[in-house]
Amino acid sequence: MTNSIAEIGEAATILAVGTNTTQAHPVLALQVKKAARNGARLIVANPKKIDLCRHATLHLQHRPGTDVPLLMGMARVIVDEGLADMAFIQARCEDYEAFVASLADFSPERVAAITGVPAEQIVAAARMYAGYGPASILYCMGITQHSHGTDNVWAVSNLALLTGNLGKFASGVNPLRGQNNVQGSCDMGGLPNVYPGYQQVNDPKVREKFESAWGLSLSPDPGLTLGEVFDRMYDGTIKSLYLVGENPVLTEANANHAIAALKNLDFLVVQDIFLTETALLADVVLPAATFAEKDGTFTNTERRVQRVRQAIAPRGEAKPDWQIVAELAGKMGAKGFDFSGPEEIMVEIASLTPSYGGISYPRLEGAGLQWPCPDKDHPGTPTLHVERFGTASGKAKMIPLAFRDADELPDGEYPLVLTTDRSLFHYHSGSMTRRVAGLEQLNSEELLKINPRDAKALGLADKEMVQVTSRRGTMTVRTSLSQVCPPGLVSMTFHFAESPTNVLTNPARDPVAKIPETKVCAVRVDKIAQP
C-alpha cells in the first residue's frame, strides 16, 4: 500500500475495485465503513453484488475481465471534462501525452458496450473520483489474477496519477495483501527476480554486495515464477522441490496439472504446520511451528513491520521455519546460517536492505515501523512518494493501454463464467480454519453461487448437488441460488478439498507478472442424474 490503513477512513472518496473487502479483509473494511459513515463517496467496481455494495454510493457491475476499459473510460471522462490535476502531472509525471492518445478508444459509450456498465455511471464515477479528494483506490486479486493483470494495475495507477492522488494523505494506490505476511515474504526476496528489498538480481552492484556479504558467487539470471516451476516439474526438468507453507493441491490454477507435476518429482519435501493435501504427497514432511510458537516479525499490507512473540512451546518436533532452514543448510555444508535467533537475522536484513536499514527489534516495541526506514533515527514512512517516485527521474510514468479480453470466454459448450472469491470464515486453502469447529459450523462446504435465472434455465434447485466442468476438470458442489451473481456468472471459493474449485480454473498467465487468470474461466453446470 502506498498509504496507511488508518488513512482509508479519512478519504473523501474510495474506489474499491477487484476487492471483496468485507470478506477477505474484514478488519481493514472497518475503515471503509467508517469513511462511508462520515460522508465519503464509495465506488465499488465488482462483477458481483458483494456485501460492500450496501455501503456504496455507486456500484459499477462490470463484466469480468473488463477492468482496463472501465478505468480507462473513467480517465477519458476526467481528461475530456478538464478534471485532471495538470499541476501534479506536469511536476511529477512522464508520458502524459502518449497516455491521453491511448484514451481515444475508451469513450463512455464504447466502454459501456464492453463492460456492461451504463455510460452515465462511468461518467458519474469519474466525476466523483476526480472531484472529491483525497481519493483512495483499494484493489486485490480481482485486479491481478487475470491474463492482463499487469495492465489492470497500470490502469489503476494511471487513474491515481491523473488526479494527483498519490503522495498525499488518505489517497494512494492500495493493494490489499491476501495473507498476513505476504508483504514481508516479498520484502525478503520471495520473488524470482529480486533480493531482499526489491534489489534486482541482474544489477551487478547489488549482486556484488550480496556476494561480498555471503561469501559466494550468485547467478545474474532471474529465477522461475511459481507457475513456471510447476511447468518444469511437469516436464521433468525440475526433479525435486522444497515447499514451505503452501498447499498448491488446492490453491494452484489448473490443480490437476499441479498434482501431476508434484507426483512427477523424484523427491518432495513439505514444511508446514499441518499435514495438508500437498503434504500427503511428500517424501519428507518437516513440522513447522505456528505463529504462536515462535518469535519473529510479520510485515503487513501497509508495510508495517511488527514483532511476533512466542506464547507457547512448539508442539511435538515442530521448529520455527528459520531454524529448520538453518539446520538443513548446516547439514548441507553451507556457511552463514549459524544464527542464534530471529533478532540476529534482522540485523543482517538491516545491513543489506536499505528500506529496512533502520529497523531493529528494540525499535519495533509498540506499534512497529513502516518501511522505508533507512536509518536508526528515521521514524518510518506512513505515505509513499510524497516527494518523488522510485524511478531514475523521480517521476511516475503514465502508461498507454489497450483492451485485451479474458483468455477464455463463454461459448455454447461452456456458457457460464466462473470467478473465485474468499469466505469470511476460511483462510486460503482452509488447512488452518477448517480445523476450527466453530468456523465449520458457519461454513462447512463449498457452494456454487448462481443467479436464480440461470438456475431456472438449467432446471436446478437451491442446495442441489451439481457437476461443474471446465476445459480442464470436473468437480461436484451444492448450489446456492443468489442475486450476488448476475446472470451468466457463477462464483465459488477455493477452501474445500471436497470440492476443489481450482481443478477448473484457467492457468493462462499475464505475460509480465506470470500470474494465472483464476478470476475468469468458462464452465458449464450440469444436473447430476439421480439413481
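Residues numbered from 1 in each chain as written. Predicted model: local features only at pLDDT ≥ 70, side-chain atom pairs only at ≥ 80, totals over all residues. Heavy atoms only, no water.

Asks: Account for the overall build of the protein chain, naming residues and giving values.
Replies: The number of helices and strands found in the protein chain is 19 helices and 21 strands. Computed over the C-alpha atoms, the radius of gyration of the protein chain is 24 Å, within 12% of the 24 Å expected from 2.2 N^0.38 for a compact globule of 531 residues. Seen along its three principal axes, the alpha-carbon backbone of the protein chain occupies a region of about 70 × 65 × 40 Å. Looking at the protein chain residue by residue over its 531 residues, the buried ones come to 51%. (Helix = DSSP H or I, 4+ residues; strand = E, 2+ residues; numbered from the N terminus. Rg over C-alpha atoms; globule rule 2.2 N^0.38 Å. Buried < 20%, exposed > 50% of the residue type's maximum accessible area, 1.4 Å probe, protein only.)

Asks: An account of the environment of Met 432 is needed here, citing residue identities and associated values.
Replies: Relative to the helices and strands, Met 432 resides in the loop between β16 (416–420) and α18 (437–442). Look at Met 432 and you get partly exposed, because its relative accessible area is 34%. For Met 432 and Gly 39, which are 393 residues apart along the polypeptide, the C-alpha to C-alpha distance reads 38 Å. When near neighbours in sequence (up to four residues on either side) are disregarded, Met 432 contacts Ile 273, Phe 274 and Tyr 427. (Contact = heavy atoms within 4.5 Å.)

Asks: Outline the pattern of salt bridges, listing residues and values.
Replies: For the structure shown, the criterion picks out 26 salt bridges. For Glu 408, the salt bridge identified is with Arg 472, shortest N-O distance 2.9 Å. With Glu 408 in the loop between β15 (396–397) and β16 and Arg 472 in the loop between β18 (465–469) and β19 (474–481), this residue pair connects regions lying 64 residues apart in the sequence. The same class applies to Glu 408 as to Arg 472, namely buried. A salt bridge links Arg 524 to Asp 526; the nearest nitrogen and oxygen atoms lie 3.0 Å apart. Taking the relative accessible area as the measure of exposure, Arg 524 reaches 26% and is therefore partly exposed. Using a relative accessible area of 27% as the deciding quantity, one classes Asp 526 as partly exposed. (Salt bridge = Lys/Arg side-chain N within 4 Å of Asp/Glu carboxyl O.)

Asks: A description of the state of the cysteines should follow, citing residues and the corresponding values.
Replies: Here the structure, examined in full by the defined rule, presents 0 disulfides. Not part of a disulfide, Cys 485 finds its nearest cysteine sulfur in Cys 53, a span of 12 Å. With a relative accessible area of 0%, Cys 485 lands in the buried category. (Disulfide = S-S within 2.5 Å.)

Asks: Account for the packing of aromatic side chains, with residues named and values stated.
Replies: The description of an aromatic ring pair rests on the distance of the ring centres and on the angle between the ring planes. Within this structure, the stated rule accounts for 4 aromatic pairs. A centroid spacing of 4.6 Å and a plane angle of 25° characterise the contact between Tyr 195 and Phe 210, whose relative ring orientation is stacked. Taken together, the residues span a long stretch of sequence, with Tyr 195 in strand β7 (residues 194–195) and Phe 210 in helix α12 (residues 204–214) at a distance of 15 residues. On the accessibility criterion, Tyr 195 (10% relative accessible area) is buried. For Phe 210, a relative accessible area of 0% translates into the label buried. (Phe/Tyr/Trp six-rings, centres within 6.5 Å; stacked < 30°, edge-to-face > 60°.)

Asks: Quick rundown of the environment of Asp 105? Include the residues and the values.
Replies: Take Asp 105: it is sitting in the loop between α6 (96–102) and α7 (108–115). Considering only alpha carbons, one finds Asp 105 and Gln 530, 425 residues apart in sequence, at a separation of 51 Å.

Asks: Now, about helix α17 (residues 342–352): what can you tell me, with residues and values included?
Replies: When we look at burial in α17, the residues that qualify are Pro 342, Met 346, Ile 349, Ala 350 and Leu 352. Contacts made by the buried residues of α17 are with β8 (199–200), α12, β12 (296–299), β13 (304–308) and α16 (321–331).

Asks: If you had to explain the layout of surface pockets to someone new, which residues and values would you point to?
Replies: Here the second largest pocket is characterised by a volume of approximately 400 Å³. Together, 24 residues line the second largest pocket, and Asn 20, Gln 23, Arg 422, Lys 449 and Val 484 are the ones closest to its centre. Residue composition of the lining of the second largest pocket, by class: 8 nonpolar, 7 polar and 9 charged. (1 Å grid on protein atoms, 1.4 Å probe; cavity = no way out; pocket = protein on both sides within 12 Å on 5 of 7 lines; lining within 4 Å. Points joined across faces, edges and corners; volume = space filled by probe spheres on them. Nonpolar A, V, L, I, M, F, W, Y, C, P; charged D, E, K, R; others polar.)

Asks: Explain the sheet that holds strand β2 (residues 41–45) residue by residue, including any values.
Replies: Overall, parallel pairing links the 5 strands, which are arranged β3-β2-β1-β5-β6 in an open sheet. Each edge of the open sheet is held by one strand with a lone partner, namely β3 (58–60) and β6 (173–175). Recorded for the sheet is a direction-independent mean angle of 15° between the axes of neighbouring strands. In this structure, strand β1 (residues 13–17) lies alongside β2, joined through 5 bridges in parallel fashion. Counterpart to Thr 13 in the pairing with β2 is Arg 41. Where helix α4 (residues 67–80) meets the sheet, its contacts fall on β1, β2 and β3, and the angle it forms with β1 comes to roughly 160°. Packed onto the sheet, helix α8 (residues 119–131) meets β1, β2, β3 and β5 (135–139) and runs at close to 125° relative to β3. (Pairing = 2+ DSSP bridges. Axes fitted to C-alpha atoms, helices over the stretch in contact; angles between N-to-C directions.)

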